Amino acid sequence: MNKSSETASFNAASELDGVSPRQTEEIESQSRPSAALIHETIRAEGEQELERRWWAILLSGLAAGLSMGLSLVVQGEFQAAISDEGTRQLVAPLGYTVGFLVVVLGRQQLFTENTLTPILPLLHHRNLATLAKVLKLWGLVLASNIAGTWAVSYVLAHTDIFGPKINDAFLELARHTVEGTFSATVVRAVFAGWLIALMMWLLPTTKGSGAHIVLIMTYVVALGQFAHIIAGSVECAYLVLLREASFGQYVFEFFFPTLLGNILGGTTLVALLNYGQVAAELDKAKD
């Protein structure tokens, strides 16, 4: 099957009888992208990511880890500036979205994006070579993201850039990363992984309004105090560097349960389910 027929198979107008090519194009221009087209768009991005050079991935991941520090900084400033409790709970989470906006719109490598994007090529190819590429990508992105979060946390913890009131707000925001049980943190992380992977699924449909999708989805993550492995690492590392928590707490009470939950939420609830809904249509396009 040629490329044009494969493209038509993802267009609802291609199934209509008695429609001219021009009418088909007009219908397509007014239609939302099909789930199969969204899937293939994200899979194409995933294939590209799996072929990137290791040093480019590390640098992009490090930049993302540093950028995520902005989430704590801006949220902390809002937290310190707003005195009314109800208003603070609703407005301060907007600051959390800033790091994600920079990372996503700047096309930096964030680990939770990679619970969806490279998984679609893996589900398509289903071979050990692709699995090895996915695991390599995950390892490089996670390591560089975490390195970036510790670097920015060190700066926040050991410099006087911000006043005591804002530093106290940082501590208040960060303490929730080690307050829950292992199982509770896993569940909170599943929600975060699910929402961030859903965000990546929705972005190809936005046509220029991607910032709104990022803002809404990450605002919900912050509002629900869901556990995100990279944004949360900035906060938890800040606690460790100020000796408000131990490194063991970082590893066993934050890192492991949050990583597990984010992977489960992103791969199972988004990648596998959304692949399942389009698998038959993709097989039809191949025939």
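Residue indices follow the written sequence of each chain, beginning from 1 at its first position. Local features in a predicted model are, by the rule used here, given only for residues with pLDDT of at least 70; side-chain atom pairs are given and counted only at 80 or more, and totals for whole chains, interfaces and linings are based on all residues. Only hydrogens and water are set aside; all other atoms, that is, all heavy atoms of the structure, feed into the side-chain values.

Novice: What should I look at first to understand helix H5 (residues 69-81) in this one?
Specialist: Every α-helix winds through 3.6 residues per turn, so residues three or four apart in the chain are directed the same way. To qualify as a helix, a DSSP run of H or I must reach at least 4 residues; to qualify as a strand, a run of E must reach at least 2; elements of each kind are numbered from the N terminus. Take the number of residues in a helix, subtract one, and multiply by 1.5 Å to get its expected span. Under the 1.5 Å per step criterion, the end-to-end length of H5 is 19 Å for 13 residues, consistent within 8% with the ideal 18 Å. Under the scheme applied here, a residue whose accessible area is under 20% of the maximum for its type counts as buried, over 50% as exposed, and between as partly exposed, the area being computed with a 1.4 Å probe on protein chains only. What H5 keeps buried is the set Gly-69, Ser-71, Leu-72, Val-73, Val-74, Gln-75, Gly-76, Gln-79 and Ala-80. In what follows, residue pairs with any heavy atoms lying within 4.5 Å of each other are defined as contacts. Where the residues of H5 are buried, they touch helix H4 (54-67), helix H6 (85-91), helix H7 (93-105), helix H9 (128-158), helix H10 (164-174) and helix H13 (229-241).

Novice: Help me understand the nonpolar core, please; the structure alone is not making it clear to me.
Specialist: The tendency in soluble globular proteins is for nonpolar side chains to be buried as a group. One finds Leu-116 and Tyr-250 to be the most contacted residues of the largest nonpolar core, which totals 72 residues. The element that contributes the greatest number of residues to this core is H9, accounting for 10 residues. Only buried Ala, Val, Leu, Ile, Met, Phe, Trp, Tyr and Cys residues count toward a nonpolar core, and they belong to the same one when joined by side-chain atoms within 4.5 Å.

Novice: Explain the confidence of the model for the protein chain to me, please; I cannot follow it from the model alone.
Specialist: Interpretation of this model should avoid reading the predicted coordinates in detail wherever pLDDT is low. pLDDT is defined as a per-residue confidence score from the predictor, taking values between 0 and 100. The predicted model of the protein chain has a mean per-residue pLDDT of 89, with 86% of residues at 70 or higher. Between the elements of the protein chain, mean pLDDT differs from a low of 43, seen in helix H1 (residues 3-8), to a high of 98, seen in H13. Contacts for the low-pLDDT stretch residues 1-8, under 50 throughout, to residues beyond four places or in other chains number 5 contacts.

Novice: Sorry if this is basic, but what is going on with the packing of aromatic side chains here?
Specialist: Two measures describe an aromatic ring pair: the distance that separates the ring centres and the angle between the ring planes. Side-chain rings of Phe, Tyr and Trp (the six-membered ring for Trp) are treated as a pair once their centres are within 6.5 Å; stacked means planes under 30 degrees apart, edge-to-face means over 60, and tilted covers the remaining angles. Following the criterion strictly, the structure yields 13 aromatic pairs and no others. Note on Phe-111 and Trp-138: the rings are 5.7 Å apart at their centroids and 65° apart in plane angle, and the pair reads as edge-to-face. In this pair, Phe-111 sits in the loop between H7 and helix H8 (119-125) while Trp-138 sits in helix H9, placing the two residues 27 residues apart along the sequence. Phe-111 gets classed as buried once you look at its relative accessible area, which sits at 1%. Exposure remark for Trp-138: the relative accessible area of 15% places this residue in the buried category. Each ring, one from Phe-191 and one from Phe-226, has its centre 5.0 Å from the other, and the planes form 10°; the classification is stacked. Linking Phe-191 in helix H11 (residues 182-202) with Phe-226 in the loop between helix H12 (210-223) and H13, this pair joins segments that are 35 residues apart in sequence. Following the ring pairs from residue to residue traces out a cluster consisting of Trp-150, Phe-247, Tyr-250, Phe-252, Phe-254, Phe-255 and Phe-256.

Novice: I tried to follow H7 on my own but got confused; where do I start?
Specialist: Between the first and last C-alpha of H7 there are 19 Å, a value that for 13 residues agrees with the 18 Å anticipated at 1.5 Å per step. Listed in full, the buried residues belonging to H7 are Pro-93, Gly-95, Tyr-96, Thr-97, Gly-99, Phe-100, Leu-101, Val-103 and Val-104. Contact partners of the buried residues in H7: H4, H5, H6, H11, H12 and H13. Looking at the residues trailing H7, positive phi occurs at Arg-107, about 60°.

Novice: Looking at this model, I keep getting lost on the pattern of salt bridges. Mind explaining?
Specialist: Two side chains carrying opposite charge are able to pair once their charged atoms lie near each other. Each reported salt bridge corresponds to a side-chain nitrogen of Lys or Arg within 4 Å of a carboxyl oxygen of Asp or Glu. Across all of its chains, the model carries 6 salt bridges by this definition. For the salt bridge of Arg-43 with Glu-47, the shortest nitrogen-to-oxygen distance reads 3.4 Å. Here Arg-43 pairs with Glu-47, and both are found in helix H3 (residues 35-50), just 4 residues apart, close to one helical turn. The salt bridge involving Glu-244 is made with Arg-175; its shortest N-O contact spans 3.5 Å. Note that Glu-244 is positioned in the loop between H13 and helix H14 (247-286) and Arg-175 in the loop between H10 and H11, a separation of 69 residues in sequence. A residue is classified by how much of its surface remains accessible, and Arg-175, at 35% relative accessible area, is partly exposed. Look at the salt bridges and you will find they share partners, linking Glu-40, Arg-43 and Glu-47 into a network.

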